[in-house]
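Coordinate analysis (summary)
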Amino acid sequence: MSSAVELRAPGPRGIPPLFARLVDDAALFPPGTATVPEAVSAHLDARSGKFAGVLGPMLCQASRLAELITELAKIKPAEPVPLSLVCDSGLGGVPKSLSIIEGRQELLSLRMVEMPAPSDVDDVWLERVSEFVPEDVIRVVEPRRGGEGWLDGVRRVAEHGCWPKLRVSGPTTESVPPAEVVKDFLVVASSLDVPFKATTGLHTAVRAERSGVEHHGFLNLLVATARSLSGTDVREALVATDGAALAEEAGSLSTDAANAVRDVFASYGGCSLTDPVADLEGLGLL
C-alpha cells in the first residue's frame, strides 16, 4: 500500500517536510464553489507553480468522475493527475468507478479512495472495503464522530489497514468538534500504525473565527500532533491563536520530529492552495 511518506515526497523546490503534500485539493467540495473546469485549471497551475510540493492529490466525488475525465481529456495533461476518489454513491459503486479510472490511466493516477463509514463501523463492512479497493491504493474511512464508542471505531478502521478521517469543520458551532474531542482523537491517532487525514475545513493556518464559528487551524493541528507524540499539552496547542508562537514551535521541530508528525497527520482537504501557502509565507515557514 502507498505510504504517507511516498505521497508527500518533497518536490524539487525543497518544501519543508512538515508541509510537503499537506494540502489535498478539495476545490470541488463545500465550501468551495469551483466548477470542474475551474478546479482542473487551478490544480494544473498549482502543480507547475512555486509551491507545488505542498499539494497532494485532487479530490473528486464518484458522482462527478465523468465530468472530471471529460475535462482532462480536453486538456490532455502532460502527466496523469493524482486522484483521491470520494465515494458519495455508496460502497457498491466503487468497482465501477475504479474500472472507469483504470481505463483512463493517461489522465488519472488513483492514489486514495475515501468514504464515510456506517454508524457502527462493523468488521464485515471494512472487509468489503478491503476487497473492493486494490492494495496499492490508500483506503480512507471516516467514522461518524461523536457518541460513545466513536474512538473504538477509529481504532477498528486502522486495524483493517485504512486511514481514519477526522471531520474538523462545519457551518455551525455544533458541527465543529471541540478541542477536547480533537485532543482525544489525536491521542488515539498517535498510537495507530496508519496516519489519519482531516476533512476540508482547515481554512487558515491558525485557529480563527469565521462567520461566528471558531475553526481549527492546520498549524494548530500539526503542533498538537507533535505534542501528542511528545506527551505535552495537546489542548493548549489546539486552542492557541498566537500565530508567531505556533510558527516558532513548528519551525523548531527537527526533520525527524516533523516526519513523525506527518506519519500521524498525513494531509487535509483544502479548497485552494493559495490561502495555506499565503499563511505559511506570512508566518515565515515557507
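Residues numbered from 1 in each chain as written. Predicted model: local features only at pLDDT ≥ 70, side-chain atom pairs only at ≥ 80, totals over all residues. Heavy atoms only, no water.

Moving on, we get to the sheet that holds strand 4 (residues 108–116). Strand order in this closed barrel of eight strands is 1-2-3-4-5-6-7-10, and the pairing throughout is parallel. Direction aside, neighbouring strands of the sheet carry axes that sit 30 degrees apart on average. As defined by bridge partners, strand 3 (residues 81–86) adjoins strand 4 across six bridges and the pair is classed as parallel. By the bridge assignment, Leu83 is partnered in strand 4 with Leu110. (Pairing = 2+ DSSP bridges. Helix = DSSP H or I, 4+ residues; strand = E, 2+ residues; numbered from the N terminus. Axes fitted to C-alpha atoms, helices over the stretch in contact; angles between N-to-C directions.)

Turning next to the pattern of salt bridges. Summed over all chains, the structure comprises 14 salt bridges. For the salt bridge of Asp184 with Lys183, the shortest nitrogen-to-oxygen distance reads 3.9 Å. Exposure remark for Lys183: the relative accessible area of 23% places this residue in the partly exposed category. For Arg207, the salt bridge is made with Glu214, and the minimal N-O distance between the two is 3.5 Å. (Salt bridge = Lys/Arg side-chain N within 4 Å of Asp/Glu carboxyl O. Buried < 20%, exposed > 50% of the residue type's maximum accessible area, 1.4 Å probe, protein only.)

Here we come to the packing of aromatic side chains. Counted according to the given criterion, the structure contains four aromatic pairs. On the basis of an interplanar angle of 10 degrees and a centroid distance of 5.9 Å, the ring pair of Trp150 and Phe185 is categorised as stacked. One end of the pair, Trp150, is in helix 6 (residues 150–159); the other, Phe185, is in helix 7 (residues 179–189), with 35 residues separating them in the sequence. Both residues of the pair, Trp150 and Phe185, belong to the buried class. For the ring pair Phe196 and Phe265, a centre distance of 5.1 Å and an interplane angle of 5 degrees mean the geometry is stacked. (Phe/Tyr/Trp six-rings, centres within 6.5 Å; stacked < 30°, edge-to-face > 60°.)

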